[in-house]
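The lines below spell out each chain.
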Amino acid sequence: MVILRGLLALAAVGVYSAFLARTCKLDPALLALPVIGGGAVWLCLWGFLGLLPAGGWLFYLGAAALVGWCVWKKRLAETLEQLFTPGFGVFLAASLVFLGLFAVTQPEFVLNDEFSLWGTAAKVTKLQNVLHPAAQGNLMAKAANPGMMLVVYLFQFFSDGFSEWSAYFAYDAMLAAAVAAVAAMPGKRWSGTVILAGSAFLLPYFFTAPALGGLSNVYLSVLGDLPLGFVFGATVCLYFALKGRRCCLPVLLVQVSFLTLIKDMGLAYALIAVGLVCADMVFTGPLAGFGRRFAKAVGGGVLLAVPVAGFYLGWSRYVAAMTGADKGTVGSGDSAMSQGAAILSGVKQLFGLEEPTEKFSQVSALMLKSPVSVPVCLLGGGVMALAVILLVLAVVFVSQKKGEERRRPVVLAIFGTLALIAFLVFHLFLYVFNFKTPEALELKDYIRYIGPYYLGFLLMALGLLGRAQGSGQFRKLAQLAALGALGAFCVLFAWRGMPTAGFWNYPHVAYSVRDDVKERAAQVNDLLEWDDTVLLISQGDDATRWNYYGYELNATLARGFGGFGYGEGLVETQDWWMTTHMNLVSPEDAGEGKPEVYPYQTVCTVEDMKNFLLDKRYTHILIDESDDYIANVIGPGFGVEGLPDQRTGEVVLLAVEYDGDTVTWTPVEGGAQP
């Protein structure tokens, strides 16, 4: 059973956490996240060698060996007793709630990015036992970093197949481990731990643009944005908790490595985390030892940056070896350039050393006012989120005694804000050089890119507030502030963020299209191989069904084209362009002044389709949703009579056969016949 394998994964995390806690004399709540993140880093190293299953076996056999050693030494009971702390209790309780709830409700993937990347990558990693760039199947974004896919692999290691709800559980167990690390900051005080944990679990709702009464995907998403923010904040909190201990450096090395692997933006988050750690090392001590602290901080920063650079470059080379893709290039076509050249050009334009382009000037104006104009939390723009963070840090400052603990919130406020400004400048360059002009001018996915930083920054502030509850001169003030923060988040959640449905009661009617595509894909999966390239015809689709088929088919779903015809004399990106799904219409139905037959329609004649197939050499056509044009014009043009002119109960699979310049479609034996 999937639920038993989930319990086995939690047990392995618990064994490692208990053993390390006993060895290092630490709260195991501070170690659950490094164990999970370390497991992903460990698997990545084995995956580079093409031996991913070996890494999984060694992880679990290592946990079994620790149990055996403790039994032999008669120390198992006292080792497991280490887990009885409020912080680890939060991790375990939250994980079990997610596991039990998802086992009952069986949530499924529904977000587009889950099919174009995150969910599909996790699925092929598990089913094919390789890092996703080396996997066969329908994964367009093969260059994306593998950290969260490997967390899912770790939690589903002993499963026979792939479970979507178990993938959600793996993500949320990791998030619970990050929350536990922050909630453990007050020490072994149940009240302080529970209050901090409550605030931390509500943060994703606080950093959601107001959508009162809608469906919430918080804790029901396998995208990397939320993990990035949680791990970023928890990493700096772990430094605060472990500073001065021998285990601090190894834990940070694991954490920044894991941050780098979560997604491409993880490189920036990891380097910012390293910078915040170094700033704290330099500026929180007395003036007398400044030079020595500075040298130590520089050395520590360089040491922490080594695995960050190593995993970033190592992953880039692995992707290049598996796919030929160059992760060091931004833009496309004539505007493509290296990342270094893009940053250099951006810096020159920013400081007036180079004449700014019109696009740079437009995006700069938008980014300058974005902290006010673009909502990132339930209070509004980034300025409001930053105000909340600084308010929490001000309370920490007042609560603490003079000395290092009082200087720490000041240092975090200053350098965290400076890093935020640098991060916004970095995103200015990202929008200018990585995005097409229409997407750049609407600051596409701004909340997804910037929101995790604010979330992580606020987690750090809450961690220091928790620390003040255990060591501050005015502990009562810190405790009241933590309780007030939880109360405020609850009020805001109920007032502006309460969804009609969330992870606890997500309506299964939302999966109706998913389930339909799953059933229809199952009709032809036995007739296909992974090397087959299947062009989907689903008239009226808005890319939703295309994404779903890409996830469900045991073959490679082919890309279509958009625009006005496909053939000699037409120019790519002007007359036609590569896209995902196609809604085929005739030139007569797409004449000037005529309304669109379908959204995102492609003007395509039989000759256009023939030229396209001769160019791409796709092996199959899958008819999911048909119409008169497909049945009476396109089909007969390739020798197929009797295709349905509307949706039918069965999909039609056609093999594409090539003979010189002749292309014919032939019904596949065993499939539905026209």
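Residues numbered from 1 in each chain as written. Predicted model: local features only at pLDDT ≥ 70, side-chain atom pairs only at ≥ 80, totals over all residues. Heavy atoms only, no water.

### What about the side chain of Gln 349?
Counted only if it meets this: Numbering goes from the N terminus for both helices and strands, where a helix is a DSSP run of H or I of at least four residues and a strand is a run of E of at least two. Within 3.5 Å is the distance limit for a polar contact, defined as a pair of N or O atoms, with the added protein rule that one can donate a hydrogen and the other accept it, and that residues adjacent in sequence qualify only through two side-chain atoms. Contacts are assigned to residue pairs with any non-hydrogen atoms lying within 4.5 Å of each other.
Following the sequence through the fold, Gln 349 ends up in helix α14 (residues 339–350). Engagement of the side chain of Gln 349 in a polar contact is seen with the backbone nitrogen of Thr 357, the distance being 3.0 Å. Sequence-distant contacts of Gln 349, defined by excluding residues within four places in its chain, comprise Glu 354, Glu 355, Pro 356, Thr 357, Phe 360 and Phe 433.

### Focus: a nonpolar patch on the surface
Let me state the cut-off plainly: The patch calculation keeps residues exceeding 30% relative accessible area without a salt bridge and links them within 9 Å when they carry like charges or within 5 Å when they are nonpolar (Val, Leu, Ile, Met, Phe, Trp, Tyr). Note on areas: Shrake-Rupley with a 1.4 Å probe; residue coverage comes only from the protein chains shown. The salt bridge definition used is simple: a Lys or Arg side-chain nitrogen within 4 Å of an Asp or Glu carboxyl oxygen.
A contiguous nonpolar patch, built from Phe 397, Val 398, Val 410, Ile 414, Leu 418, Ile 421, Phe 474 and Leu 477 and spanning about 670 Å² of accessible area, is present on the exposed surface. Counting only elements with at least two residues in the nonpolar patch, the list comes to α16 (382–399) and α17 (404–434). Per element, the largest residue contribution to the nonpolar patch is four residues, and it comes from α17. Following the sequence through the fold, Phe 474 ends up in the loop between α19 (446–471) and α20 (475–497).

### Section: unusual backbone geometry
For the record, the criterion: Note on classification: 1.4 Å probe, protein chains only; a residue is buried when its accessible area is under 20% of the maximum for its type, exposed when over 50%, partly exposed between these limits.
Positive phi values are uncommon outside glycine, yet Lys 25 reaches one of about 55°. The exposure class of Lys 25 is exposed, given its relative accessible area of 67%. Look at Gln 106: it is not a glycine, yet its phi comes out positive at around 50°. As for its position among the elements, Gln 106 is in the loop between α5 (86–105) and α6 (112–128). For Gln 106, a relative accessible area of 34% corresponds to the partly exposed category.

### Topic: the nonpolar core
Note the following rule: To form a nonpolar core, buried Ala, Val, Leu, Ile, Met, Phe, Trp, Tyr and Cys residues must be joined to one another through side-chain atoms within 4.5 Å.
Among the nonpolar cores identified, the biggest contains 201 residues, and Phe 91, Phe 155 and Leu 458 are the most heavily contacted of them. Per-element tally for this core: the top contributor is helix α8 (residues 164–183), with 17 residues. Once you skip the residues sitting within four places of it in the chain, Leu 458 turns out to touch Leu 203, Phe 206, Phe 207, Val 388, Ile 389, Val 392 and Phe 489. Among the nonpolar cores identified, the runner-up in size contains 28 residues, and Leu 584, Ile 623, Val 652 and Val 656 belong to it.

### A closer look at the sheet that holds strand β11 (residues 620–625)
Put simply, the rule is: Whether two strands pair depends on DSSP finding at least two bridges between them.
The sheet built from five strands is open, its strands ordered β6-β5-β11-β12-β13 with mixed pairing. Taken across any chain shown, the strands that pair with only one partner, and hence form the sheet edges, are β6 (556–557) and β13 (662–667). With two bridges connecting them, strand β5 (residues 533–538) and β6 associate as parallel partners. Bridge pairing in β6 links Thr 533 to Thr 556.

### Structural notes on the pattern of salt bridges
One pass over the structure, following the stated rule, counts 20 salt bridges. With a closest N to O distance of 3.9 Å, Lys 518 and Glu 108 form a salt bridge. Linking Lys 518 in helix α21 (residues 512–522) with Glu 108 in the loop between α5 and α6, this pair joins segments that are 410 residues apart in sequence. Judged by its relative accessible area of 32%, Lys 518 is partly exposed. By relative accessible area, which is 12% here, Glu 108 ends up buried. When salt bridges with common partners are traced through the structure, they connect Asp 516, Arg 520, Arg 545, Asp 624, Glu 625 and Arg 647 into a single cluster.

### Brief notes about α6
Residues spaced three or four apart along an α-helix point in a common direction, a consequence of the helix completing one turn every 3.6 residues. Using the following cut-off: In a helix, the anticipated span is given by 1.5 Å times the number of residues less one. In this analysis the local bend is the angle between axes fitted, respectively, to the seven residues ending at and the seven residues starting at the residue.
With 17 residues, α6 ought to run about 24 Å at 1.5 Å a step, and its terminal C-alpha atoms sit 22 Å apart, in line with that. Maximum bend of α6: about 45°, positioned at Gly 119. Within α6, twelve of the 17 residues are buried, leaving the element largely enclosed by the surrounding structure. Of all the residues in α6, the buried ones are Glu 114, Phe 115, Leu 117, Trp 118, Gly 119, Thr 120, Ala 121, Ala 122, Lys 123, Val 124, Thr 125 and Lys 126. Residue Asn 129 follows α6 closely and has a positive phi angle near 55°.

### A short note on the packing of helix α11 (residues 248–262) against helix α12 (residues 266–283)
Operational definition: Helix axes are fitted to C-alpha atoms over the stretch in contact, other axes to C-alpha atoms as well, and angles between N-to-C directions run from 0 to 180 degrees. Note on angle classes: values under 35 degrees are labelled roughly parallel, values over 145 roughly antiparallel, values of 65 to 115 roughly perpendicular, and the remainder oblique.
Running from N to C, α11 and α12 point in directions that differ by 150°, and their axes come no closer than 7 Å. Of the possible angle classes, the one that applies to α11 and α12 is roughly antiparallel. Facing Leu 252, Val 256, Leu 259 and Thr 260 of α11, the residues of α12 in contact are Gly 266, Leu 267, Tyr 269, Ala 270, Ala 273, Val 274 and Val 277.

### Thoughts on the pairing of β5
Of all six residues that make up β5, six are buried, and the element is covered over most of its length. Every second residue of β5 is oriented toward a common face, with Thr 533, Leu 535 and Ile 537 on one face and Val 534, Leu 536 and Ser 538 on the other, all of them buried. Relative to β11, β5 runs parallel, the two sharing five bridges. Its bridge partner lying in β11, Ile 537 is registered against Ile 623.

### A look at the sheet that holds strand β9 (residues 583–585)
Taken together, four strands build an open sheet; the order of strands is β8-β7-β10-β9 and the sheet is mixed. The sheet terminates laterally at β8 (576–578) and β9, the two strands that pair on one side only. Ignoring strand direction, the axes of neighbouring strands in this sheet form an average angle of 35°. Of the strand pairs in this sheet, β9 and strand β10 (residues 601–603) are connected by three bridges, and their pairing is parallel. By the bridge assignment for β10, Asn 583 is matched with Gln 601.

### A few points about the pairing of β13
Each regular strand shows side chains that alternate between the opposite faces of the sheet. Here six bridges tie strand β12 (residues 652–659) to β13, and the two strands are oriented antiparallel to one another. Considered in β13, the bridge of Glu 657 is made with Thr 664. Between β12 and β13, which follow one another and run antiparallel, lie two residues, and Gly 660 among them has a positive phi close to 65°.

### Focus: the side chain of Asn 145
On the secondary structure map, Asn 145 appears in the loop between α6 and α7 (147–155). For Asn 145, the side chain forms a polar contact with the main-chain oxygen of Thr 260, separated by 2.7 Å. Polar side-chain contacts of Asn 145 include one of 3.4 Å to the backbone oxygen of Lys 263.

### Notes on the environment of Leu 492
Within the fold, Leu 492 resides in helix α20. The exposure class of Leu 492 is buried, given its relative accessible area of 11%. Put simply, Leu 492 and Lys 263 are 229 residues apart on the chain and 30 Å apart in space, counted from C-alpha to C-alpha.

### Looking at the packing of aromatic side chains
Centre distance and the angle of the planes are the two values used to describe a pair of aromatic rings. How we decide: Pairing of aromatic rings covers Phe, Tyr and Trp, the last counted by its six-membered ring, and requires centre-to-centre distances within 6.5 Å; plane angles under 30 degrees mean stacked, over 60 mean edge-to-face, and any other angle means tilted. Distance and angle both matter: a charge sits over a ring if NZ of Lys or CZ of Arg is within 6 Å of the ring centre and within 35 degrees of the ring normal.
One pass over the structure, following the stated rule, counts 54 aromatic pairs. Between the NZ or CZ atom of Arg 514 and the centre of the ring of Tyr 548, over which it lies, the distance is 5.8 Å. Stacked on the ring of Tyr 658, the Lys or Arg Arg 617 has its end atom at 4.6 Å from the ring centre.

### Brief notes about the packing of helix α2 (residues 32–48) against α8
Quick reminder of the rule: Residue polarity follows a fixed list, in which Ala, Val, Leu, Ile, Met, Phe, Trp, Tyr, Cys and Pro are nonpolar, Asp, Glu, Lys and Arg are charged, and the others, Gly among them, are polar.
In the contact formed by α2 and α8, the axes pass within 8 Å of each other and the chain directions differ by 140°. One finds that α2 runs oblique with respect to α8. Seen from α2, the contacting residues are Ala 32, Leu 33 and Ile 36; seen from α8, they are Ala 173, Met 174, Ala 177 and Ala 178. Of the residues contributing to the contact of α2 with α8, the split by class is seven nonpolar, no polar and no charged.

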